[in-house]
Amino acid sequence: MIIYLDGNYVDEADAKVSVFDHGLLYGDGVFEGIRIYGGNIFRLDEHLERLEYSAKALMLKLPWSRAEIAAATCETCRKNKLADGYIRLVVTRGVGDLGLSPWLCPKPSIFIIASKIALYLAEHYTAGLSIVTVATRRINSAALPPAVKSLNYLNNILAKIEARQAGALEAIMLNDQGYVAECTGDNIFIVHKGALITPAASQGALKGITRSSIIDIAKELGIPLQEADLTRYEIWNADECFLTGTAAEVIPVVKLDGREIGAAKPGPVTHRVLEAFRRRVLVEGTRI
Ligand code: PXG
C-alpha cells in the first residue's frame, strides 16, 4: 500500500511519524474518513471544508490549499488503484517538545491512507442493529466542540467499550442534559409518522457528511425532515431508526436497550433512504 506522507508517496513500511508528534502525544490533530465509490470520492469538498473548520477550531493552520489536499487524496487513490474504499486523511500538529504548547510545533504533518473499512456485516444491514444507551455522555461543547473531528476520540472510545461490554456494536450517547446527541461513530435518525427526525448538531453531534447527504435525499424524496431534541422516549416510540456514517453508510436499528423499535425490522422509509443513498454515491463525487 502506498501512503501519502508530507508530500511524498511512500510504501506503508516507510510511512512513519515521530514519537514527538503531538498528534500521538496529545491527540492534537484532525482527521477525515472519506469514501470512494466507483472511482468517485464522495463529497470530497465537504470533507475538506470540515477538515478546515476542525483545524481552525484548534488554531492549527493548514499550510496546504484545499486544492492541494484534494489532489493528493485523488493521487493516493490512483497510486493504490482504489476505486471503492475508505480514505483516512490525517493532519497532526507535528513534531514538538514534551510540553503541550502547540506553538512549539513548527510544521503540521499530513498523511493519507487509501484502503478499505467494513464496520458491519451484511446481515447487520438486513436484520438491523440492536444498540444500547451508554452512561458515557457526549463531551460538552464548552469543553471540546463535538463538531471538531479531532484525533482525540477517547470520549467515543469509552462509549464504544461500554457498548461492547453490553454486547452491542453501537451505542447512543446522550449529551450532558440527557438529550440524544449521536452514536460513537454515527449520526442517528428516527422515522415518526413518515417524517425523519435527527438531533441538531448543537445537541453534541458531529456534522456528519452522510447525515447532510440524507437531509438532501429527504428533500429529493419529499420526506419531511426535522432537526429536533430527542430523548430515549422518542426513540422508544419511533416507527423506524437508522444510523448514518461514512463507514456504516445507512444502517437500520431495530432495538434500543432491549426494546423493539417499531416493527423490530428495517422499515420502508429506511429502505427508501438507503436505496437513494446507494444511487447517489455512484454518481456524486470527485472523479479521481
Ligand atoms: N459522529 C461521529 C462521532 C463520528 O466519528 C459520524 C458521526 C458520521 O459522520 P460522517 O461524516 O462520516 O457521515 C462520525 C464519523 C469508526 C469510525 O471506526 C467512525 C467515524 C470516523 C472514523 C472511524 O467507527 N465516524
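Conventions used here
Residues numbered from 1 in each chain as written. Predicted model: local features only at pLDDT ≥ 70, side-chain atom pairs only at ≥ 80, totals over all residues. Heavy atoms only, no water. Near = heavy atom within 4 Å. Areas by Shrake-Rupley, 256 points an atom, 1.4 Å probe, with all protein chains shown as cover. Helix = DSSP H or I, 4+ residues; strand = E, 2+ residues; numbered from the N terminus. Nonpolar A, V, L, I, M, F, W, Y, C, P; charged D, E, K, R; others polar. Domains from an automatic or database assignment. Buried < 20%, exposed > 50% of the residue type's maximum accessible area, 1.4 Å probe, protein only. Contact = heavy atoms within 4.5 Å. Phe/Tyr/Trp six-rings, centres within 6.5 Å; stacked < 30°, edge-to-face > 60°. Pairing = 2+ DSSP bridges. Polar contact = N/O pair within 3.5 Å; in protein donor to acceptor, adjacent residues only side chain to side chain. Buried area = accessible area lost by both parts, 1.4 Å probe. Salt bridge = Lys/Arg side-chain N within 4 Å of Asp/Glu carboxyl O. Axes fitted to C-alpha atoms, helices over the stretch in contact; angles between N-to-C directions. Parallel < 35°, antiparallel > 145°, perpendicular 65-115°, else oblique. Left-handed = near helix turned anticlockwise from the far one by under 90°.

Turning next to the site of the ligand. Around the ligand, the structure places 21 residues, and the nearest of them are Tyr153, Glu182, Ile209, Thr210 and Thr246. Burial of the ligand by the protein amounts to 90% of the accessible area it has alone, namely 550 Å². Elements that contribute at least two residues to the shell around the ligand include exactly β5 (85-92), α6 (209-221) and β13 (240-245). Considered class by class, the residues forming the shell around the ligand number six nonpolar, nine polar and six charged. Residue assignment places the shell around the ligand across two domains, with domain 1 (2-115) and domain 2 (122-285) each supplying three or more.

To continue, consider the environment of Ala276. In this fold, Ala276 is placed in helix α8 (residues 268-283). According to the relative accessible area criterion, Ala276 is buried, its value standing at 3%. The spatial distance from the C-alpha of Ala276 to the C-alpha of Ala218 is 9.3 Å, given a sequence separation of 58 residues. Beyond its immediate chain neighbours, meaning those up to four positions away, Ala276 contacts Ile217 and Leu221.

Applying the stated criterion across every chain, the model contains six aromatic pairs. Ring plane angle 90° and centroid distance 6.2 Å describe the contact between Tyr37 and Phe42, whose orientation is recorded as edge-to-face. With relative accessibility at 8%, the residue Tyr37 sits in the buried group. Measuring from centroid to centroid gives 5.7 Å for Phe42 and Phe277, while their planes differ by 80°, and the two rings are edge-to-face. Within this pair, whereas Phe42 is found in the loop between β4 (40-41) and α2 (44-57), its partner Phe277 is found in helix α8, the two being separated by 235 residues in sequence. There is no split in this pair, since Phe42 and Phe277 are both buried.

Within a regular beta strand, the side chains point alternately toward one face of the sheet and then the other, so they alternate between its two faces. The buried count for β13 comes to six of six residues, which makes it a mostly enclosed element. Of the two faces of β13, the one lined by Glu240, Phe242 and Thr244 and the one lined by Cys241, Leu243 and Gly245 are each fully buried. Pairing analysis gives five bridges linking β13 to strand β14 (residues 249-256), with the strands arranged antiparallel. If you follow Leu243 over to β14, its bridge partner there is Ile251. Count of turn residues in the β13/β14 antiparallel hairpin: three residues.

Here Arg43 lies in the loop between β4 and α2. A polar side-chain atom of Arg43 sits 2.8 Å from a polar atom in the side chain of Asp216. Polar contacts involving the side chain of Arg43 include one to the side chain of Glu284, which spans 2.9 Å. Once residues within four sequence positions are removed from consideration, Arg43 is found in contact with Ile209, Ser212, Ser213, Asp216, Arg280, Glu284 and Gly285.

According to the domain assignment, the chain contains domain 1 (2-115) and domain 2 (122-285). Relative to domain 2, the C-alpha centre of domain 1 lies at a distance of 26 Å. Opposite the 26 residues of domain 1 that make contact, domain 2 presents 23 residues. Summed over both sides, the interface between domain 1 and domain 2 buries roughly 2000 Å², with carbon and sulfur atoms accounting for 60% of that surface. Scanning the region where domain 1 abuts domain 2 turns up three salt bridges.

What follows concerns the side chain of Asp28. Considering the arrangement of structural elements, one finds Asp28 in the loop between α1 (22-26) and β3 (29-37). By relative accessible area, which is 12% here, Asp28 ends up buried. Of the polar contacts made by the side chain of Asp28, one reaches the side chain of Arg93; its length is 2.8 Å. Ignoring sequence-local partners within four residues, the contact set of Asp28 consists of His22, Gly23, Leu58, Thr92, Arg93, Pro102 and Leu151.

One way to put it is that α2 packs onto helix α3 (residues 66-79) with a least axis distance of 11 Å and a crossing angle of 125°. Our classification of the angle between α2 and α3 gives oblique. The element α2 and its partner α3 pack so that their crossing is right-handed. In this structure, α2 contributes Leu44, Asp45, Leu48, Glu49, Leu51 and Glu52 to the contact, and α3 contributes Arg66, Ile69, Ala70, Thr73 and Cys74. A breakdown of the residues in the contact of α2 with α3 according to their chemical character gives six nonpolar, one polar and four charged.

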